[in-house]
Amino acid sequence: MKLAIYTCGTEGYTYAMTAQARRIQSCLASCNQQYEVLVLIVGDGSQGNLDAVDEYIKLLPSAQVELLHHDGLEAGEKNYDNATQLLIAQLRTMATSRAIAWGADYCLSMDSDVLPPSNALRCMINMLEFDEKSPEQKTFVIN
């Protein structure tokens, strides 16, 4: 099974990416099966992006790790203005397109400051597998 994992972040939002890499290593270790892994760091090529790539290479030596760098991406002046939201959409589209081209069976997308617990990936995959085994129950509603 192929698992693509991606996180997007420009220079000001890369502060947690190396800690996130350590958490992802724990998530993969807690899974019941081995995955062929593609890790995508998507951003502006800042030092934080490069540090995250280096950390993933060190922690997951069998994974394919790539930096998807897009020149000319500029955030707006505020965190959630239209220009910034467009930037985030462009980064996520780049990553999703690459994961599809690679042939990923699963894709885990995270904001750059998310630190998942060690069982997060296993629980998400188990939920998807459960859903596949129960065709009558395809919709989950969480209020």
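Reading the values: the criteria
- Residues numbered from 1 in each chain as written.
- Predicted model: local features only at pLDDT ≥ 70, side-chain atom pairs only at ≥ 80, totals over all residues.
- Heavy atoms only, no water.
- Phe/Tyr/Trp six-rings, centres within 6.5 Å; stacked < 30°, edge-to-face > 60°.
- Helix = DSSP H or I, 4+ residues; strand = E, 2+ residues; numbered from the N terminus.
- Lys NZ or Arg CZ within 6 Å of the ring centre and 35° of its normal.
- Core = buried A, V, L, I, M, F, W, Y, C linked by side-chain atoms within 4.5 Å.
- Buried < 20%, exposed > 50% of the residue type's maximum accessible area, 1.4 Å probe, protein only.
- Contact = heavy atoms within 4.5 Å.
- Pairing = 2+ DSSP bridges.
- Axes fitted to C-alpha atoms, helices over the stretch in contact; angles between N-to-C directions.
- Expected span 1.5 Å × (residues − 1).
- Right-handed = clockwise from strand over helix to strand, strands pointing away.

Let's talk about the packing of aromatic side chains
A complete count under the given rule lists 1 aromatic pair for this structure. When the centroid spacing of 6.3 Å and the interplanar angle of 80 degrees are considered together, the rings of Y35 and Y106 count as edge-to-face. Highlighted residues: Y35 in the loop between α1 (17-30) and β2 (36-43) and Y106 in strand β4 (residues 106-111), separated in sequence by 71 residues. A cation over an aromatic ring shows up here: K2 above the ring of W102, its NZ or CZ 4.6 Å from the ring centre.

What about the nonpolar core?
Membership of the largest hydrophobic core comes to 25 residues, with the highest contact counts inside it found for I5, I24, L28, V39, Y56, L60 and L121. Listing elements by their share of this core, those giving two or more residues are β1 (2-9), α1, β2, α2 (47-59), β4 and α4 (120-133). It is α1 that contributes the most residues to this core, 5 residues altogether. Among residues more than four places away in sequence, those in contact with L121 are L3, C27, L28, C31 and L108.

As for the sheet that holds β1
Sheet architecture is open: 4 strands sit in the order β3-β2-β1-β4, paired in parallel fashion. The sheet terminates laterally at β3 (64-69) and β4, the two strands that pair on one side only. Here the strands of the sheet are splayed against their neighbours by 20 degrees on average, with no regard to which way each runs. Note that β1 and β2 share 8 bridges and pair parallel. Following the sheet pairing, T7 is matched in β2 by I41. In the packing of α1 onto the sheet, the strands contacted are β1, β2 and β4, and the crossing angle to β1 comes to about 165 degrees. Each of β1, β2, β3 and β4 touches helix α3 (residues 82-102); the most contacted strand, β2, lies at about 155 degrees to it.

Considering α3
With 21 residues, α3 should reach 30 Å at 1.5 Å per residue; the first-to-last C-alpha distance of 30 Å fits that figure. Residues of α3 that are buried sit in contact with β1, β2, β3 and β4. G103 sits one or two residues past α3 and shows a positive phi near 90 degrees.

Some details on the pairing of β1
For β1, the buried fraction is high: 7 of the 8 residues fall into the buried class. Handedness of the crossover joining β1 and β2 through α1: right-handed. Pairing of β1 with β4, which is carried by 6 bridges, proceeds in the parallel orientation. Bridged to T7 within β4 is M110.

Just distances and angles here, no functional claims.
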